[in-house]
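Letter by letter, the chains look like this.
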Amino acid sequence: MSEGVVKKFMFVNRKSPYGTVYALESLEVVLISAAFDQDVSLVFMDDGVYQLKKGQQTKGIENKNFSPTYRALDGYDIEKLYVEQESLDARGLTEDDLLVDVTVLSKADMGKLMDDMDVVLSF
Amino acid sequence: MLHIVNKSPLERNSLESCLRVAQSGAILLIEDGVLAATRGNAAAATLTEAASRLKIYALAPDLEARGMQDRVLEGVTTVDYGGFVDLVAEHKNCQSWL
């Protein structure tokens with residue numbers, strides 16, 4: 001795999017976990033992409049920021065709590081996680097509420113980062 | 001009447017439409033709908049305002065799943081699945097704002 005072309009991939013996560021299957025499906029694709037040695041960035045904006053909220057307990061709704069997987073991503077060399085500041089603000093959340101280290105970007109910087117990508121996948 | 005809302009207020013306008021129409025009775029927030037009942041959410045103010053004419057409930061297991069159980073708005077009553085059933089049984093009719 002090391003001889004292939006490396007492209008900049010961005011996964012844009014905009015949905016709350018559990019209410020729909022998007023968050024979990026995105027995570028599955030991200031893990032698959034890790035096997036192809038690409039330059040992967042993850043973005044969490046709008047309700048997607050809830051995917052990274054600390055303290056998720058899913059026993060009551062009988063769903064799998066997949067939030068610990070975000071902490072395991074650096075083991076797959078996926079270390080570029082970005083969160084939009086404005087999305088946190090609109091939900092009363094701060095960086096301290098998130099269960100993994102992220103880079104918080106303004107909406108303007110998020111736009112620039114997105115412009116710079118080769119492939120953008122939206123969830 | 002019992003109004004049931006299961007969508008995030010920042011993704012869909014279900015809660016907004018519900019609050020525009022509902023005059024009395026109760027609202028039960030479930031699934032992503034519970035996010036409206038959390039402190040600091042942009043929809044919190046409208047929900048608090050509606051609490052003067054409507055009783056507001058939120059499903060606790062859905063708050064817990066999203067890690068938001070510790071930041072429920074004042075004036076919102078949390079219920080479990082048994083409480084959900086009781087609310088449906090207590091009200092004459094219900095509307096799910098899908």
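Residues numbered from 1 in each chain as written. Chains lettered and ligands numbered in written order. Predicted model: local features only at pLDDT ≥ 70, side-chain atom pairs only at ≥ 80, totals over all residues. Heavy atoms only, no water.

**Considering the overall build of chain A**
A count of helical and extended segments in chain A gives four helices and five strands. Counted from the first residue to the last, chain A has its helices and strands arranged as β-α-β-α-β-α-β-α-β. In terms of overall size, chain A behaves like a compact globule, its C-alpha atoms giving a radius of gyration of 14 Å where 123 residues would be expected to give roughly 14 Å. Taking all 123 residues of chain A together, the buried fraction comes to 44%. By sequence separation, contacts in chain A at least 24 residues apart represent 76% of the contacts at least 6 residues apart. (Helix = DSSP H or I, 4+ residues; strand = E, 2+ residues; numbered from the N terminus. Rg over C-alpha atoms; globule rule 2.2 N^0.38 Å. Buried < 20%, exposed > 50% of the residue type's maximum accessible area, 1.4 Å probe, protein only. Contact = heavy atoms within 4.5 Å.)

**Describing the layout of surface pockets**
Residue and element names in this part refer to chain B. Empty space within the largest pocket amounts to approximately 170 Å³. Around the largest pocket, the lining residues are P9, R12, N13, L15, E16, L19, A43, T46, E49, A50 and R53. Residue assignment for the lining of the largest pocket shows that the elements contributing at least two residues are α1 (14-21) and α2 (44-50). A per-class count over the lining of the largest pocket returns five nonpolar, two polar and four charged. (1 Å grid on protein atoms, 1.4 Å probe; cavity = no way out; pocket = protein on both sides within 12 Å on 5 of 7 lines; lining within 4 Å. Points joined across faces, edges and corners; volume = space filled by probe spheres on them. Nonpolar A, V, L, I, M, F, W, Y, C, P; charged D, E, K, R; others polar.)

**Topic: the interface of chain A and chain B**
Counting residues at the interface gives 22 residues for chain A, matched by 20 residues for chain B. For the chain A and chain B pair, buried surface summed over both sides reaches about 1,600 Å², with 47% attributable to carbon and sulfur atoms. Of all residues in chain A, Y50, Q57 and I61 of chain A bury the most surface against chain B, accounting for 28% of the area lost on that side. Applying the counting criterion to the chain A and chain B interface returns two salt bridges. The interface formed by chain A and chain B contains ten residue pairs in polar contact (both at pLDDT 80 or more). (Buried area = accessible area lost by both parts, 1.4 Å probe. Salt bridge = Lys/Arg side-chain N within 4 Å of Asp/Glu carboxyl O. Polar contact = N/O pair within 3.5 Å; in protein donor to acceptor, adjacent residues only side chain to side chain.)

**What to know about the confidence of the model for chain B**
The predicted model of chain B averages 97 in pLDDT, with 100% of residues at 70 or higher. Both scores are given for the predicted complex: the pTM is 0.93, the ipTM 0.90. (pLDDT = per-residue confidence, 0-100.)

**Thoughts on helix α1 (residues 22-34) of chain A**
Residue and element names in this part refer to chain A. Relative to the 18 Å expected for 13 residues at 1.5 Å per residue, α1 spans 18 Å between its end C-alpha atoms, a close match to the ideal helical length. Regarding α1, the residues found buried are A23, S26, L27, V30, S33 and A34. Looking straight down α1, one finds that the buried residues subtend no more than 120° of arc, so they occupy a single side. (Expected span 1.5 Å × (residues − 1). Arc of directions from axis to C-beta.)

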